[in-house]
Amino acid sequence: MENVLIDVKNLKKYFNTKGGTLHAVDDISFQVKKGETLGLVGESGCGKSTTGRAILRLHEPTSGQVIYKGEDIVKYNNKQMKEMRKKMQIVFQDPYSSLNPRLSVFELIADPLYVNKGVVPKNQIEERVKHTMELVGLEKRLINSYPHELDGGRRQRVGIARALVLNPEFIVLDEPVSALDVSIQSQILNLLDELQEKLGLTYIFVAHNLSVVKHISDRIAVMYLGNIVELTEYNKIFEDPLHPYTQALLSAIPIPKVGIKRERIMLEGDVPSPINPGPGCVFYGRCRNRKDICKEVKPQFEEKKPGHFVACHIVE
Amino acid sequence: MAETKAVANGKKNKNKSNSQLMGVWMRLKKNRLAIIGLVILVILILVAIFANIIAPYGYDEQDLQNTFQTPSLKHLFGTDEFGRDIFSRIIYGSRISLQVGVIAVGIAVVVGGFLGAVAGYFSGKVDNVIMRIMDILLSIPQMLLAISIVAALGNSLINLMIAVGVSSIPQYARIVRASVISIKNQEFVESAKATGSSDLRIIFKHVIPNCLAPVIVQATLGIGLAILTAAGLSFIGLGIKPPTPEWGAMLSGGRMYIRNYPHLTLFPGIAIVITIFAFNVLGDGLRDALDPKLKQ
Amino acid sequence: MGNLLEIKNLSIEYVTDERTNKAVNNLNLKIREGETLGFVGETGAGKTTTALGIMRLVPNPPGRIVSGEIYFEGENLLEKTEKEMREIRGNKISMIFQDPMTSLNPIMTVGEQIEEVIKLHEDLPKDELRKRAEAMLETVGIRKERFDNYPHEFSGGMKQRVVIAMGLACNPKLIIADEPTTALDVTIQAQVLELMKELKIKFNTSMLLITHDLGVVAETCDYVAIMYAGSVVEYGNVERIYNNPLHPYTIGLFNSIPSLDEDKDKLDVIPGSPPDPSNLPTGCKFHPRCINCMEICKKRVPEPIEVEEGHFVSCLLYDKGIKEGK
Amino acid sequence: MIKYILRRLLMLIPVLLGVTFIVFTLMYITPGDPARLVLGESAPEEAVEQLREEMGLNKPFLIQYFNYMKKLILHQDLGNSYVTRQPVMKEIIAAFPSTIKLAASSVLFAIILGIPIGIISAVKKYSFFDNVTMAFALIGISMPVFWLGLLLILFFSVQLKVLPSSGYASFKHMILPAVSLGAQSVAIIARMTRSSMLEVSGQDYIRTARAKGQKERVVVLKHAFRNALIPISTSIGLQFGGLLGGAVLTETIFSIPGIGRLMVDSIKMRDFPMVQGSVLVISITFCIVNLMVDLYYAYIDPRVKTQYK
Amino acid sequence: GGNETDVTQKDELIVATAYDAKSLDPHAVNEVAASNVMVQIYNSLLALDDNGELVPSLAESYEQVDDVTYKFTIKKGVKFHNGEEMTIDDVVFSLQRAATSPAVANLFGDIDVDSFEIIDDATFSFKLKNPNTGFLYNLMHPGASVLCQKAVEEAGDNYAMNPVGTGPFKFVDWKKGDRIELERFEDYWGEKPAFKKMVIRAIPEATNRTIELESGGVDVAYEISANDIERIEENEDLQLTRLVDNQTQYLGFNNKKEPFNDVRVRQAIRYALDIPSIVETAWKGVGSVAIGPMSPNINYYNSNIKQYEYNVEKAKELLAEAGYGNGFKTKLWTNEKQERIDMATIIQSQLKEVGIEVEVEILEWGSYLEKLANGEQEMFIIGWTGQSSDPDLALYGPLSKETLGAGANFSFFENDRVNELLLQGRRMKDSPEREAIYYEIQEIHAEETPWIPLCHGEAIIGSQKYVKNLKLTPFGFHPLYRITFGE
Ligand SMILES: Nc1ncnc2c1ncn2[C@@H]1O[C@H](COP(=O)(O)OP(=O)(O)OP(=O)(O)O)[C@@H](O)[C@H]1O
Ligand SMILES: Nc1ncnc2c1ncn2[C@@H]1O[C@H](COP(=O)(O)OP(=O)(O)OP(=O)(O)O)[C@@H](O)[C@H]1O
Ligand SMILES: [Mg+2]
Ligand SMILES: [Mg+2]
Ligand code: NI
């Protein structure tokens, strides 16, 4: 594929916990093209945040490669990585705990500029910060407020502003709009869209709100228990979901209209454990269509239809 | 309208850089106790500067005929074993004692704090090496260190402060490290890393400000301890030379007379208490003022 | 059905050096027994603050309940002693906090923290306690093996589920859920909402559900209150509000929802920016952003008007007197 | 975890090597001739020279150090005291227990008093109680051990005649020394506890605990206090260590033959082997106390534990 | 107070001293605290009687054969604490051991180890390397104690903690740093002590020793602090025993350095000091003002020498004569002993009157000694103790050419005449000529003022009123075994 910005190959991230080794991200591979948005959805706890962090090397990957513009950044040393971080940013899932409680909104947003000197001349930093605040809809009066004084939505916007202020090439957005009311959510989504158009930004966008994901993404990856189970263009997922988990997921979307009742696929069976998962398909225990082979053999993540990758034995 | 906005902006520009300090100051100002502490401290400093004007007698003016006088109008705090005016000696003593306390603690806080922060932040090997060095330093008897410092660097007030400071470095290192260990796992540290902040910057900008509280407590109390330690050391021949007055030394020197003439020790003791009090309430206030959560 | 909770003229403000944030202003609200009230509104509208006000947990300083009454089972919570409140918290009213990450004690295992709630309200032997807590974990979709994990070992959504488990553990009369499902994927969200519905049926539990997800509201709630700048601007049952939104803010809100069915390049937004709580506009607080703003809106504070049965809206557009006067 | 502990214990070796070397160097550069000090100023120079020869003090520095370490490592022999000619080990073994007893009881005293005071002051911030205890804490800090010790003796031994003024034989004997040595620690621990408690009490999880309907006492002790323990336990560890080395004055006042006095006397007499020996023992104790504190961090805070790998 | 028990029944004596002994091997150390215990455990060949005259102790008789040869006959039937009978071999062994051990070399280093001759089972003789008149006095020092050879050899390294002597008390237990317990030796050859048990405790803090005495915790307390003297005197249950000792505290000059190489400067300083008030203030009534270089206890003490009254004018004149009319700056060293610091502080203040700017520096004892030996000092304060009643030990050290620096002549005083006199005095038998020699030395000292004597020390010992027969010696160790109890 041409124009690939990030090529993640066989990425794994394991944690050591009391119970044993936890396979948070278990051998995933995907590519993100320049200027596109890859939506990342999946069950809570399936490893989305971990994937995002591992790509930015905030968690050192257990193994695998993250090839950014042809270079494996997993092998970068600190200095190279520092250069790299100007170009890659992340909006954290939890806006509150990711903001230093002792810094004011201004300092929080300006911090990346002070860190990466030269991106913006010193005397323009304030200008830039204010501009960014305006972009994400943070009022000027909040410039000296501290995170604990803000409501959930504004905290989240501070997080977004901080990621945007450096004009990065690539941003991991980990549920960036979950705490926003729909109006502001729309505002932010519009902003992200605009920036992408204007500057050619690339996003990995993690969210649970599927209508949001659909709106913003070019392609969508569905994760389940540390694995990517399906990946394709945004509308194909909705029109023609192949993986049983995706199907269940889509059926659970709440519709903001009263009176409409949809057939919901309830997931049966046990939530599987990420600690020492079995040899077979990760979704085996809860799959409606499971066969014996699913228990023993892990399905390949394959292109079942053009541009439509699925990991499932059942799908032809 | 665009113009007025620009003007407003310009104004803010100027205030901006100071606004944080101003904010801290505003909050500090609201804390009555802290202001009392600050006032006392300012007075102490003024007393130290103008000691020669304030003190009714010279600090070394002996009057062997009038030793051990109890407090009277002539000698507000009485006289000591050489008939020297204790009040004047306390006034002059503020010079030395404040210096000793502040500088010794300063050395320890700066060096210890930094090492502790680095150790706690990096953990692993760095931590192990730094903290083991701290263990070594902690094990070296202060007295031996002091004697050696004098032997190596000569006998002076500065060296006394170095001796006291150096031997309390490990304390601050351990305290800061402990806080850092529990803070560095928080997500905002990770988020700073994500912006490409260097480790040093993370330590100084994000980690240390969040673990100041125990350091402030230890340091404000440490000033008093340093004064007393210095006094102890001056008796093994380090630093302060007689007849230079120093509160700690006055306190220890008077101990032999404690049963007969308690005022010899009482007044320097009170002076030390007041000084530590001032530093403590100011420290408490400062800590509260620095914590935006307690913003009132 | 009687009113389980009734809030009258509640005002809460945060006082800081520089300003006073009027987070909640003369808010009126009621929840009947067994009813789920959706509480929707702009970020910063004061939803969390209202919830904390009910729990009497507004951080003080800087927060302060200025005036108002909160009747719960007929008694004013604001007049209760701290001890009486303790009896009520967790037992009769439980709250699911918005920030799961910081709401969990970092040095206790999640299991312990769930156990603690149960223990406080029921006298159970130790192993029974653990079983109950484990069951609670499983009902929110977390395997019981992870009982002994610490919060930092959980993903955002898992932490949120732990907080939910804690809130639901004791069959309270009223659950205040502050954006409980933001970090959950839709399947788990459905599961959790299902669980809440069950509780409602089984124990006649009422719920105050704060959320931004209008889909969730549609599926779960009986009534909806739309909040703007510290007060409720529209209130009514779900069908009425969804089918016939009246307040300009509500209308704007519904227009902003991204739709699954159509592809839009640009999403609609409500123009203007949210009001500054320390310097609220006079009159109708929404007037600076309102497309139908009238002169009088800038001066007069609108009272709730019952336009249909049980459908209240605070907007002068629906004040017959004014319309006719004009 | 076990691995971590073992590694830390292994680290004792370089630490002790470092300590011995530094102490050796310091002793070496410090003026003062052990032989002369042992024999006194009246001894003829020949005798001093003879003794110097016997002690091996004429050898070059590194050789002296090497010989010392060789004996220490190969034979676990700390050498003989220059002054008493007795094996250092023996003297230290005699002195150590009373010091440990003293340090432990004063730390215990400090904990028992300091932590509750700190907690109450934090809960009742800026109250009368808070201010009064702060005043006492400050007085406690400003009172040197010898001062407080003498006051206590004068009051309890002379005036009331309820407690003995010297010795270390029984629990009763330890009360006054422990109190006077522990007074400063009480102050430090109380202030540290107060501050950490305040820091923690603003956290959201405390709010969560309250929202559960938890009793205030439990909120404070279980949720807040345990989270505040890291700085507090650091402080306690430091106090314990400090009390070991800083017990000289107390040991002197209360006539307790401890390692502090032994060490200071030996430094004064330039009794190198004895200084080395007592520093080594104190150092080992320090390291172990610090290790225990570090392990304790892991015990109270699971996030710290993951770092100990 | 309030000791209700019948004191005549009392059979335990508890003594509080300031320091613990360092060793109970008489040849391992030479210090007062150890000596004080050793005199209870050991006997030497000779002893001093109450008048300070030498009398035989373990010796039956003795004679000085010639300038350097001494002959001793020992007592028979004397038992060691371990039951062994004392033999001539034990005595010779002990003296030879003393002669070769550096700790007591200043006392016995002159003995020629190879010269011992055992004449019969009770008589032996030995020679000194140089004639030394004061030598016999050294034989009463605990360093000359007679040890049981077998016990020493059996105990090896542990002997210091397991002493075996012939003295009135035998060693029972030693808690280092705390207390030494002794028990009456029932087979003692001499007069039996009146009590059964003796406990010697180390209580370093002076105030605490007094407190223990007041509360009845101890019977005798050494080194009473000046501040407590009045308190004890006023207490009707307690008494004080005082004795001026052989120590002289002095203000030394470095006679080699400008301006102290000028005798006029030294004298000027002596005139400028009000020594009685210095001593009174610093020592608060303890000890006595010194007018000469040695203590009045010592033989041939000359009280008829040049006196320097306090005279600032004269001091200024002398300084002007010496060319220091405008004074000068100098340093005064002392170690950390409080009284010395106090004296230094006052001296500093008084010398200011004559224009001498003095900077007081306190040095830690070890460094102090080394720096003094190196001759880095200008002015300094130190003390010197004559370890016997013979003037040789009191004067030779601080005045002889042989002992410059390291050997106790910290003033670096070199005077040929004095040196000659010292050597003569050392060799000469007691006689009027010897007296003349020491008188002259003291006169020259007064004139030359190589150092200014300030004061003599004093042993101040507090005890319960019922403690009788407490005899003090000027050497700091006291025969406690002679104490009796009575109303
Ligand atoms: N501690 C505080 N100090 C000052 N202002 C505060 C504080 N907490 C909240 N506020 C302010 O009070 C207002 C209401 O906040 P609240 O958290 O109740 O909003 P919310 O409706 O819950 O918003 P969201 O949906 O974004 O969580 C906001 O403007 C916020 O900035
Ligand atoms: N520091 C850690 N230590 C141990 N386990 C961890 C750690 N961080 C995450 N995990 C585990 O890794 C798995 C994946 O977590 P991750 O945060 O990536 O999930 P997520 O997909 O982002 O979920 P959510 O949507 O709920 O945020 C979870 O099971 C989680 O418990
Ligand atoms: Mg996540
Ligand atoms: Mg909220
Ligand atoms: Ni304009």
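Above this note sits the structure.
Residues numbered from 1 in each chain as written. Chains lettered and ligands numbered in written order. Predicted model: local features only at pLDDT ≥ 70, side-chain atom pairs only at ≥ 80, totals over all residues. Heavy atoms only, no water.

Engineer: It is not clear to me how the coordination of the magnesium ion (ligand 4) should be interpreted in this structure. Could you clarify?
Structural biologist: Reference values for angles at a metal are 109.5 degrees in the four-donor tetrahedral case and 90 or 180 degrees in the six-donor octahedral case. Distances from the magnesium ion (ligand 4) to its protein donors, T48 of chain C (OG1) and Q98 of chain C (OE1), fall within 1.8 to 2.2 Å. Here the residue T48 of chain C occupies a position in helix 1 (residues 47–55), and Q98 of chain C occupies one in the loop between strand 6 (93–96) and helix 3 (100–103), the gap between them amounting to 50 residues. (Donors = N, O, S within 2.8 Å, 3.2 Å for Na, K, Ca; no water. Helix = DSSP H or I, 4+ residues; strand = E, 2+ residues; numbered from the N terminus.)

Engineer: Even after reading the chapter, I still don't get empty space enclosed by the protein, so can you show me in this structure?
Structural biologist: It is the rolling of a water-molecule-sized probe over the atoms that shows where space remains empty. When its volume is computed, the second largest cavity comes out at roughly 380 Å³. R84, R89, A249, M250 and G253 of chain B are the residues nearest the centre of the second largest cavity, which is lined by 26 residues in total. Per-element accounting of the lining of the second largest cavity gives the leading share, four residues, to helix 11 (residues 338–352) of chain E. Tallied by class, residues from the lining of the second largest cavity come to 13 nonpolar, six polar and seven charged. (1 Å grid on protein atoms, 1.4 Å probe; cavity = no way out; pocket = protein on both sides within 12 Å on 5 of 7 lines; lining within 4 Å. Points joined across faces, edges and corners; volume = space filled by probe spheres on them. Nonpolar A, V, L, I, M, F, W, Y, C, P; charged D, E, K, R; others polar.)

Engineer: Whenever I open this one, unusual backbone geometry confuses me. Can you help?
Structural biologist: Glycine aside, residues mostly have negative phi, and peptide bonds are mostly found in the trans state. Here E258 of chain E and P259 of chain E are connected by a cis peptide whose omega angle stands at -10°. Inspection of the secondary structure assignment puts P259 of chain E in the loop between strand 12 (238–253) and helix 8 (263–272). A positive phi angle, close to 50°, is found at E73 of chain C, a residue other than glycine.

Engineer: Looking at this model, I keep getting lost on the packing of aromatic side chains. Mind explaining?
Structural biologist: All names here are of chain E. Taken as a whole and assessed by the stated rule, the structure comprises 48 aromatic pairs over all chains. A network of ring pairs unites the aromatic residues Y62, Y70, F72, F116, F124, F126 and F135 as a single cluster. When the ring centre of F485 is taken as origin, the NZ or CZ atom of K10, which lies over that ring, is 5.5 Å away. We note K176 situated over the ring of W174; from NZ or CZ to the ring centre the distance is 4.8 Å. (Phe/Tyr/Trp six-rings, centres within 6.5 Å; stacked < 30°, edge-to-face > 60°. Lys NZ or Arg CZ within 6 Å of the ring centre and 35° of its normal.)

Engineer: Sorry if this is basic, but what is going on with the coordination of the magnesium ion (ligand 3) here?
Structural biologist: Residues and elements named next belong to chain A. At the metal site, the magnesium ion (ligand 3) is ligated by S49 (OG) and Q93 (OE1), and these contacts range over 1.8 to 2.1 Å. Residue S49 is located in helix 1 (residues 48–55), and its partner Q93 is located in the loop between strand 6 (88–91) and helix 3 (105–115); the two are separated by 44 residues in the primary sequence. There is no split in this pair, since S49 and Q93 are both buried. (Buried < 20%, exposed > 50% of the residue type's maximum accessible area, 1.4 Å probe, protein only.)

Engineer: I keep staring at the interface of chain E and chain D and nothing clicks. Help me out?
Structural biologist: Many analyses report the size of an interface as the accessible area lost when the parts associate. Each side of the interface is counted separately: chain E has 40 residues, and chain D has 39 residues. When chain E packs against chain D, the two sides together hide about 3300 Å² of surface, and 56% of this comes from carbon and sulfur. Counting every contact that joins chain E to chain D gives two salt bridges. Here chain E and chain D share nine residue pairs in polar contact (both at pLDDT 80 or more) between them. Where the side of chain E that touches chain D is concerned, the elements lending two or more residues are helix 3 (105–108), strand 10 (197–202), helix 6 (206–214), helix 12 (365–374) and strand 16 (379–385) of chain E. The leading source of residues in the side of chain E that touches chain D is helix 12 of chain E, at five residues. In the side of chain E that touches chain D, the residues fall into 17 nonpolar, twelve polar and eleven charged. (Contact = heavy atoms within 4.5 Å. Buried area = accessible area lost by both parts, 1.4 Å probe. Salt bridge = Lys/Arg side-chain N within 4 Å of Asp/Glu carboxyl O. Polar contact = N/O pair within 3.5 Å; in protein donor to acceptor, adjacent residues only side chain to side chain.)

Engineer: Is there a simple way to think about the environment of L238 of chain E in this case?
Structural biologist: All names here are of chain E. Positionally, L238 belongs in strand 12. L238 sits in the buried class, given a relative accessible area of 3%. Separated by 25 residues in the primary sequence, L238 and L213 place their C-alpha atoms 8.1 Å from one another. Beyond its immediate stretch of four places on either side in the chain, L238 contacts L213, E214, I232, S463, Q464 and K465.

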